[in-house]
Amino acid sequence: MHLPSRRAGVRLTLLYGALLVASGAVLLALTYLLVLRFPADRVLVDGAGADAGTDASGGRSGGGLPGVRPTAGSGDVFALLQEQAVRQHADQLRQLLVQSGVALAVMLVVSALLGRLVARRVLRPLRAMTGTVRHISAHTLHERLAVAGPADELKELADTVDGLLGRLEGALDSHRRFVADAANALRAPLTQEHRLLRETLVDRDATAETFRANSERLLEISERQAHLLESLLALAGSHRGLVHREELDLAPLTESALHVARPDSERLGLKVAAAVGPAPVTGDPALVQRLASCLVDNAVGHNRPGGRVEISTAVRGGHAVLSVANTGDRVAPEQVNRLFEPFRSPGRTAADGHPGLGLAIVHAIALAHDAVISVRARPDGGLAVEVAFPARTGDPREGAEDIGQLDKRTGLH
């Protein structure tokens, strides 16, 4: 945050000075106009009598002294007095104009000094906030401006900056934690690869079968690393937001994810119950497909042999809803919120091919689509996940039951 205080101070000084000078000029101009409009030929007012303003010839003299009746030959005197009054009025106007100019020049200097003082007074809190923000670095993000005082615009600005610093501190801590977790997740397979290669080179009695077995293990580790890197790229891409939007339906995307996961579900002997109905939304097809795949993979991969998976898509309450429930290990209710954090999912490790990025990717994609995601730990184990997208149409259709109803219908408790 950089505030050119000197430039702002000069601008405020000029503004305040210009306003004061302009106000003084307007006041002096009004005074001059009022004096100018005063009738110079009426300095000598009419007399009180009906014929007080007549001259010797019986005409109007144009004015007279108060209470004094003109006599014969007094018309010339009145004319001379009136002419002298006009000249005196003009001289007073010139004097007023000169004195007003001098006063305006003095006012210009005074207004510049006052403007400078006011500008410095106004900019003092801003300079203090600028210095504090400039002092704050990546290692001192815990510091805040903490401006005290009345709830004015300056305090509102300081509170906004404090809120921004808080969000920045949280994002930086999350980034550091993510980098550390990613490094640990990548270090484990690299260590295994190094150990296998070293064992193969050191073992002088290694046979072709030994080389083949180690190569197969290295290939498996490499595939896990590729999967991890792909998940990291998907997570980073989903945080960038939507670049492409088009109309799509959750139903075929979910069916595709189920088809891909069918070999694993059959291997584990899982009972999959799908109630897939139309659920039109607007979004990025690749990201939504990734979301559905992550949910299905999470429900299948983190299940118990012979368990259940319940999946449905429908339009409900003005939202296109994708619901997934499964059986599996118990998850403590206090751990549910951590499921959205990368590498923080309990029971998920990179060593078994599940680094714990699935729900983090789902959460990021849901946020990019303005969708609401909720996760509930089921008492007997497993999770119930529901993602509600804004429906593409304004004609909501009631579809499959919600997660609680699905639990009752299929016996998932």
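Right above here is the structure, for reference.
Keep in mind that what you see is a predicted model, and the values were worked out from it rather than measured.

Peer 1: Account for the overall build of the chain, with residues named and values stated.
Peer 2: Check the secondary structure of the chain and you find 8 helices and 7 strands. Burial statistics for the chain: of 413 residues in total, 34% are counted as buried. The contacts in the chain between residues at least 6 apart in sequence include a share of 70% that link residues at least 24 apart. Summed over all atoms, the accessible surface of the chain reaches about 24400 Å², with 59% contributed by carbon and sulfur.

Peer 1: Give a detailed account of a positive patch on the surface, specifying residues and quantitative values.
Peer 2: Together, Arg116, Arg120, Arg121, Arg124 and Arg127 make up a positively charged patch on the protein surface. Along the polypeptide, Arg116 turns up in helix H2 (residues 75-135).

Peer 1: Break down the environment of Val147 for me, citing the residues and quoting the values.
Peer 2: Relative to the helices and strands, Val147 is located in the loop between H2 and helix H3 (153-202). Assessed through its relative accessible area of 27%, Val147 is described here as partly exposed. Remark: the alpha-carbon pair of Val147 and Asp162, spanning 15 residues in sequence, is separated by 9.4 Å. Once residues within four sequence positions are removed from consideration, Val147 is found in contact with Met129, Lys155 and Ala158.

Peer 1: Which residues make up the pairing of strand E5 (residues 319-326), and what values go with them?
Peer 2: Counting buried positions along E5 gives 7 out of 8 residues, so the element sits mostly inside the fold. Alignment of strand E4 (residues 308-316) against E5, held across 8 bridges, turns out to be antiparallel. Bridge assignment links Val309 to a residue of E5, and that residue is Asn326. Hairpin remark: E4 followed by E5, antiparallel, with 2 residues in the connecting loop; positive phi at Gly317, about 60 degrees. Note that E5 and strand E7 (residues 383-390) share 7 bridges and pair antiparallel. Bridging across to E7, His319 finds its partner in Pro390.

Peer 1: Hey, could you go over helix H5 (residues 250-268) for me, with residue numbers and the actual values?
Peer 2: Since the α-helix turns once every 3.6 residues, residues separated by three or four places project in the same direction. Taking 1.5 Å of rise per residue, the 19 residues of H5 would be expected to cover 27 Å, and the 26 Å separating its terminal C-alpha atoms lies within 8% of that figure. Within H5, the axis deviates most sharply at Ala261, by approximately 50 degrees, and proline Pro263 lies no more than four positions further along. Residues Leu250, Ala251, Leu253, Thr254, Ala257, Leu258, Ala261 and Ser265 constitute the buried set of H5. Where H5 begins, one side-chain oxygen reaches toward the backbone nitrogen of Ala251, 2.9 Å away; that side chain belongs to Asp249. Of the residues trailing H5, Gly269 is marked for its positive phi of about 70 degrees.

Peer 1: I'd love a proper account of the nonpolar core, names of residues and values included.
Peer 2: Soluble globular proteins tend to pack their nonpolar side chains together in the buried interior. The biggest cluster of nonpolar side chains holds 45 residues, and the ones touching the most others in it are Leu250, Leu291, Leu295, Leu322, Leu383, Val387 and Phe389. Counting residues per element, the ones that place at least two in this core are helix H4 (208-239), H5, helix H6 (285-301), E4, E5, helix H7 (358-368), strand E6 (372-377) and E7. Broken down by element, the residue count for this core peaks at 9 residues, all from H6. Excluding anything up to four places from it in sequence, Leu250 contacts Ala279, Val281, Val288, Thr313, Ala320, Val321, Leu322 and Phe389.

Peer 1: Go over the sheet that holds E5, please, and point to the residues and values.
Peer 2: Read across the sheet, 5 strands follow the order E2-E4-E5-E7-E6 without closing on themselves; strand pairing throughout is mixed. Two strands bound the open sheet, and with one partner strand each, they are strand E2 (271-276) and E6. On average, each strand axis in the sheet is inclined to that of its neighbour by 10 degrees, with strand direction left out of account. In terms of strand pairing, E2 meets E4 through 6 bridges, oriented parallel. In the sheet register, Ala273 faces E4, and the bridge partner there is Glu310.

Peer 1: A description of the pattern of salt bridges should follow, citing residues and the corresponding values.
Peer 2: Tallied over the entire structure, the rule returns 8 salt bridges. Notably, a salt bridge pairs Asp159 with Lys155, separated by 3.2 Å at the nearest N-O pair. Of this pair, Asp159 and Lys155 both sit in helix H3, 4 residues apart, which is roughly one turn of that helix. We classify Lys155 as partly exposed; its relative accessible area is 21%.

Peer 1: How would you sum up the environment of Leu154? Please name residues and give values.
Peer 2: Turning to its location among the elements, Leu154 is positioned in helix H3. Exposure remark for Leu154: the relative accessible area of 28% places this residue in the partly exposed category. Each C-alpha atom of the pair Leu154 and Val122 lies 9.7 Å from the other, and the pair is 32 residues apart in sequence. Not counting residues up to four positions away in its chain, the partners in contact with Leu154 are Val122, Pro125, Leu126 and Met129.

Peer 1: I'd like to hear about a nonpolar patch on the surface, residue by residue, with values.
Peer 2: Judged by side-chain polarity, Leu20, Val98, Val102, Val106, Met107, Val110, Leu114 and Leu117 come together as a nonpolar surface patch covering roughly 660 Å² of accessible area. Counting residues per element, the nonpolar patch draws most heavily on H2, at 7 residues. In this fold, Leu20 is placed in helix H1 (residues 5-37).

About the criteria used
- Every chain begins its residue count from 1, and numbering advances along the sequence as written.
- Totals for whole chains, interfaces and linings use every residue, but because this is a predicted model, local features are given only for residues with pLDDT of at least 70 and side-chain atom pairs only at 80 or more, for both listing and counting.
- As a rule here, side-chain values cover all heavy atoms of the structure and leave hydrogens and water aside.
- A run of H or I in DSSP becomes a helix once it reaches four residues, and a run of E becomes a strand once it reaches two; helices and strands are each numbered from the N terminus.
- Here's how the labels work: a residue is buried when its accessible area is under 20% of the maximum for its type, exposed when over 50%, partly exposed in between, all with a 1.4 Å probe on protein chains only.
- A contact between two residues is defined here by any heavy atoms of the two lying within 4.5 Å.
- Accessible surface area values rest on a Shrake-Rupley calculation with a 1.4 Å probe, where residue burial reflects the displayed protein chains alone.
- Two distance rules govern patches: like charges are joined within 9 Å, and nonpolar side chains (Val, Leu, Ile, Met, Phe, Trp, Tyr) within 5 Å, applied only to residues with over 30% relative accessible area and no salt bridge.
- When a carboxyl oxygen of Asp or Glu lies within 4 Å of a side-chain nitrogen of Lys or Arg, that pair is called a salt bridge.
- Positive charge is attributed to Lys and Arg, negative charge to Asp and Glu, and no charge count is given to His or to the chain ends.
- Charge positions come from single atoms, namely NZ of Lys, CZ of Arg, CG of Asp or CD of Glu.
- A pair of strands counts as paired when DSSP detects no fewer than two bridges linking them.
- By this rule the span expected of a helix is its residue count minus one, scaled by 1.5 Å.
- The bend reported for a residue corresponds to the angle between axes fitted to the seven residues ending at that residue and the seven starting there.
- For the purposes of these results, a polar contact is taken to be a pair of N or O atoms within 3.5 Å, where, inside protein, one atom must be able to donate a hydrogen and its partner to accept one; residues adjacent in sequence count only when each atom of the pair is a side-chain atom.
- Nonpolar cores were defined as sets of buried Ala, Val, Leu, Ile, Met, Phe, Trp, Tyr and Cys residues, with membership established by side-chain atoms within 4.5 Å.
- Axis definition: a line fit to C-alpha positions, over the contact stretch in the case of helices; interaxial angles, taken between N-to-C directions, run 0 to 180 degrees.

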